[in-house]
Amino acid sequence: MSSEVQTLVEMGFLQNRAEKALAKTGRRGVQAAMDWLFEHNDDPDIDEPFEVPKGHTLSETAPDGNTSQQAPAGEGEQDVAKSLKCDDCNKLLRTPEEAEMHAARTGHSNFSETTEEIKPLTEEEKQAQLAKIQEKIKLKRLENEEKEKQESVRLEKLRRSQGKELAAMRQKNAGG
């Protein structure tokens, strides 16, 4: 039992009502739950147990390890979210974590669940992706080497000019 539920129970509310009030108020605290309880005290369903809405899931694993869902007999095929889709660029993502990383990299913030399945890459596509990544790495390495070379030249020029200044100052002090 959470501390908020326990607090409400200690105040005299039934545990079931306390849990329901906290859920209905989005767990915004004991005060919000108390306000909700006072407003809904006369509701006919106030004492019914609160069940968290199930919502859509990306995949569910059955006890036998099978990830496919079978619709009960007599019902149509149930739509199950198989991936997440960035509504800004239409990229399909497998997990919420991938969606978070995509959002952080791109600044996109509109995502929705979709029944589109992300198809695994063929061997040719894998090789093409690998070649593309290796090319990017090679270009980045060359770019970094060029930057290091330019920085080295800049530092050498700075060292020489400071050496000339130091020599001039010594000559001035020795002659003066």
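Residues numbered from 1 in each chain as written. Predicted model: local features only at pLDDT ≥ 70, side-chain atom pairs only at ≥ 80, totals over all residues. Heavy atoms only, no water.

K.L.:
I keep staring at the packing of helix H1 (residues 3-10) against helix H3 (residues 30-39) and nothing clicks. Help me out?
P.N.:
Relative orientation of the contacting elements H1 and H3 amounts to 50°, with a least axis distance of 10 Å. Between H1 and H3, the interaxial angle falls into the category oblique. In this structure, the crossing between H1 and H3 has a hand that is right-handed. Between H1, through Glu4, Thr7 and Leu8, and H3, the contact on the second element is made entirely by Val30, Ala33 and Met34. Grouping the amino acids of the contact of H1 with H3 by side-chain chemistry returns four nonpolar, one polar and one charged. (Axes fitted to C-alpha atoms, helices over the stretch in contact; angles between N-to-C directions. Helix = DSSP H or I, 4+ residues; strand = E, 2+ residues; numbered from the N terminus. Parallel < 35°, antiparallel > 145°, perpendicular 65-115°, else oblique. Left-handed = near helix turned anticlockwise from the far one by under 90°. Contact = heavy atoms within 4.5 Å. Nonpolar A, V, L, I, M, F, W, Y, C, P; charged D, E, K, R; others polar.)

K.L.:
Would you mind going over the sheet that holds strand S2 (residues 92-93) with me for this structure?
P.N.:
Backbone hydrogen bonds are what pair the strands of a sheet, in a parallel or an antiparallel way. Reading across the sheet, the three strands line up as S2-S1-S3 and stay open at both edges, with antiparallel pairing between neighbours. Each of the sheet's edge strands pairs with one partner strand only, and the pair in question is S2 and strand S3 (111-114). Looking at chain direction, strand S1 (residues 83-86) and S2 are connected through two bridges and run antiparallel. Bridge pairing in S2 places Lys85 opposite Leu92. (Pairing = 2+ DSSP bridges.)

K.L.:
I'm lost on the packing of helix H2 (residues 15-24) against H3 in this one. Help?
P.N.:
For any two helices packed against each other, the geometry comes down to the angle between their axes and how far apart the axes lie. Viewed as axis vectors pointing N to C, H2 and H3 meet at an angle of 110°, and their least axial separation amounts to 8 Å. Relative to H3, the element H2 lies roughly perpendicular. Packed against H2, whose contacting residues are Arg17, Lys20, Ala21, Leu22 and Lys24, the element H3 presents Ala33, Trp36 and Leu37 at the interface.

K.L.:
Hey, could you run me through the side chain of Lys20 in this one?
P.N.:
Inspection of the secondary structure assignment puts Lys20 in helix H2. Comment: no salt bridge for buried Lys20; closest opposite-charge side chain is Asp45, at 4.0 Å. Excluding anything up to four places from it in sequence, Lys20 contacts Trp36, Asp45, Ile46, Glu48 and Phe50. (Buried < 20%, exposed > 50% of the residue type's maximum accessible area, 1.4 Å probe, protein only. Lys, Arg positive; Asp, Glu negative; His and termini not counted. Salt bridge = Lys/Arg side-chain N within 4 Å of Asp/Glu carboxyl O.)

K.L.:
Is there a simple way to think about H3 in this case?
P.N.:
Since the α-helix packs 3.6 residues into each turn, any two residues three or four apart lie on the same face. Looking at H3, one finds that the buried residues are Val30, Ala32, Ala33, Met34, Trp36 and Leu37. Next to the buried residues of H3 lie H1 and H2.

The quantities given are spatial measurements derived from coordinates; they are silent on function.
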